[in-house]
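Chain by chain, the residues run as shown.
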Amino acid sequence: MRKQVVLVTGVNGEIGHSLVAHLAENDNCDVIGLDVMPIDDSIQQYLFKFIQGDILDQMLLGRLVAEYEIRSIIHLASILSTKAEYNPETAHRVNVEGTLNLLRLAVEQATWQGKSVKFIYPSSIAAYGIPSLEIKQQLGPVTEDQWLMPTTIYGCNKLYCEHLGRYYSNFYKQLAADQTKYTIDFRGLRFPGLISAVTVPTGGTSDYGPDMLHHAAQNIPYACFVRPDSVMPFMVMPDAVKSILLLEEIERNQLSQLVYNVTSFSASAEKLKEITLDAFPNAEISFAVDQKRQHIVDTWPAEIDDKAARKDWNWKPDFDMIQSFKEYIIPGVKNRYN
Ligand code: SER
């Protein structure tokens, strides 16, 4: 008998860090963590096994199929939006080919197991692309099927991988005589900017939110790279983890779509500064706009509509804006740096 496990890729990253602790606490399944970098000591205790390796390494993934019975794949490994712009082709390989390799692994597992394998995929607000700031400012909350014209390679990768998830779930090898009956059960989440109190993001465009707070907590001056009036939606990490766990758990027949928006609050950079200064009155926060990164944020919706998730799987964030800062971020960052 092979061991039943949940496979988490990119386990060292921001989401992985918080997710594995909860998976280990709440789930009766062992967690296999995969990452290109050596395991971070603080999460080692939550993993049944850590494998250092690349999602582009098909031999490595093949060995996983042979050794474990994978119930779910939570595929977090990705190159984020700003970093991806410096090398779009590499980003494409990691974000798309890497995902394709894992989808193939999931199908192979499903065939062995005689049942679908769940594939949880964090997509992003970057899948959207609003053509102008004027239009952005007039829009209300944007639903899953609107304004899907991403302008970053990361956004294109995320949107395409959502489509791959749909293809692998419903149409995989549709013309083959031996079309496989069991494929994957794809469940995508479009996240807004995420803020963690315990880790700092690298390579994202929403990083100005968390960066401002982590700098303030360490008494380091921070120059925000977007205009004070830039608005985008955010959510704190415990809510991101909650949404992954909820979506992984729910029965397939409750779900009316494959990809869901989830969000908590929308805030301008000015508002983030104000709240940060309330908690850290000596913080030095200025604005030095990087026009190019600004443009990316200007193409992302100010608000996203998560009604479908609320209706289908009772999604609701635990933290609104005030609670996010008062109960999670401020105490969390103070604790981290003291
Ligand atoms: N936080 C991500 C980024 O900025 C968006 O998914 O790239």
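Everything that follows concerns the structure shown earlier in this document.
Residues numbered from 1 in each chain as written. Predicted model: local features only at pLDDT ≥ 70, side-chain atom pairs only at ≥ 80, totals over all residues. Heavy atoms only, no water.

A. Region of interest: the site of the ligand. The full set of residues close to the ligand is Leu80, Ser81, Ser124, Tyr154, Gly204, Thr205, Ser206 and Trp300. Thr205 is positioned with one of its backbone polar atoms (N or O) 2.6 Å from an oxygen atom of the ligand. A breakdown of the residues in the shell around the ligand according to their chemical character gives three nonpolar, five polar and no charged. (Near = heavy atom within 4 Å. Polar contact = N/O pair within 3.5 Å; in protein donor to acceptor, adjacent residues only side chain to side chain. Nonpolar A, V, L, I, M, F, W, Y, C, P; charged D, E, K, R; others polar.)

B. Spatial organisation of the environment of Tyr208. Within the secondary structure, Tyr208 sits in helix H8 (residues 208-217). For Tyr208, a relative accessible area of 0% translates into the label buried. For the pair Tyr208 and Tyr328, spaced 120 residues apart in the sequence, the C-alpha separation amounts to 18 Å. Ignoring any residue separated from it by four or fewer positions in sequence, one finds Tyr208 in contact with Tyr222, Cys224, Phe225, Val226, Ser230, Met232, Phe234, Ala269, Leu272 and Val297. (Helix = DSSP H or I, 4+ residues; strand = E, 2+ residues; numbered from the N terminus. Buried < 20%, exposed > 50% of the residue type's maximum accessible area, 1.4 Å probe, protein only. Contact = heavy atoms within 4.5 Å.)

C. Main features of the packing of helix H1 (residues 14-26) against helix H9 (residues 237-249). Two numbers describe how H1 lies on H9: the axes approach to 9 Å, and their chain directions differ by 55°. As far as their axial angle goes, H9 and H1 are oblique. The interaxial crossing formed by H1 with H9 has right-handed handedness. Residue-level inspection shows Glu14, Ile15, Ser18, Leu19, His22, Leu23 and Asn26 of H1 in contact with H9, the latter providing Met237, Val241, Ile244 and Leu245. Of the residues belonging to the contact of H1 with H9, the class tally is seven nonpolar, three polar and one charged. (Axes fitted to C-alpha atoms, helices over the stretch in contact; angles between N-to-C directions. Parallel < 35°, antiparallel > 145°, perpendicular 65-115°, else oblique. Left-handed = near helix turned anticlockwise from the far one by under 90°.)

D. Region of interest: the state of the cysteines. Under the defined criterion, the tally for this structure stands at zero disulfides. No disulfide involves Cys156; its sulfur sits 11 Å from the nearest other cysteine sulfur, which is in Cys161. (Disulfide = S-S within 2.5 Å.)

E. Looking closely at unusual backbone geometry. You will see that Lys173, though not glycine, has its phi angle at about 50°, which is positive. Examined against the element boundaries, Lys173 turns out to sit in the loop between helix H7 (153-170) and strand S6 (184-191). The class for Lys173 is partly exposed, based on a relative accessible area of 46%.

F. Broad picture of the sheet that holds strand S3 (residues 49-52). Taking strand neighbours across the sheet as the criterion, the seven strands line up as S3-S2-S1-S4-S5-S6-S10 in an open arrangement whose pairing is parallel. The open sheet has two edge strands, S3 and strand S10 (259-261), and neither has a second partner. With strand direction ignored, the average angle separating the axes of adjacent strands in the sheet is 20°. H9 rests against strand S4 (68-75), strand S5 (117-124), S6 and S10 of the sheet, and its axis sits at about 160° to S6. (Pairing = 2+ DSSP bridges.)

G. Focus on the side chain of Ser72. Tracing the sequence through the fold places Ser72 in strand S4. Residue Ser72 is classed as buried on the basis of its relative accessible area, which comes to 0%. A distance of 2.3 Å separates polar atoms of two side chains, one belonging to Ser72 and the other to Glu248. Excluding anything up to four places from it in sequence, Ser72 contacts Val5, Val6, Leu7, Val117, Lys118 and Glu248.

H. Fine view of the pattern of salt bridges. The final tally for this structure, using the stated rule, is 13 salt bridges. In this structure, the salt-bridge partner of Glu248 is Arg71, at a minimum N-O distance of 3.4 Å. Remark: Arg71 occurs in strand S4 and Glu248 occurs in helix H9; sequence separation between them is 177 residues. With a shortest N-O distance of 2.7 Å, Asp229 and Arg227 are connected by a salt bridge. A relative accessible area of 44% means that Asp229 is categorised as partly exposed. By relative accessible area, Arg227 is classed as partly exposed at 22%. Several salt bridges converge on common partners, so that one network encompasses Arg71, Lys118 and Glu248. (Salt bridge = Lys/Arg side-chain N within 4 Å of Asp/Glu carboxyl O.)

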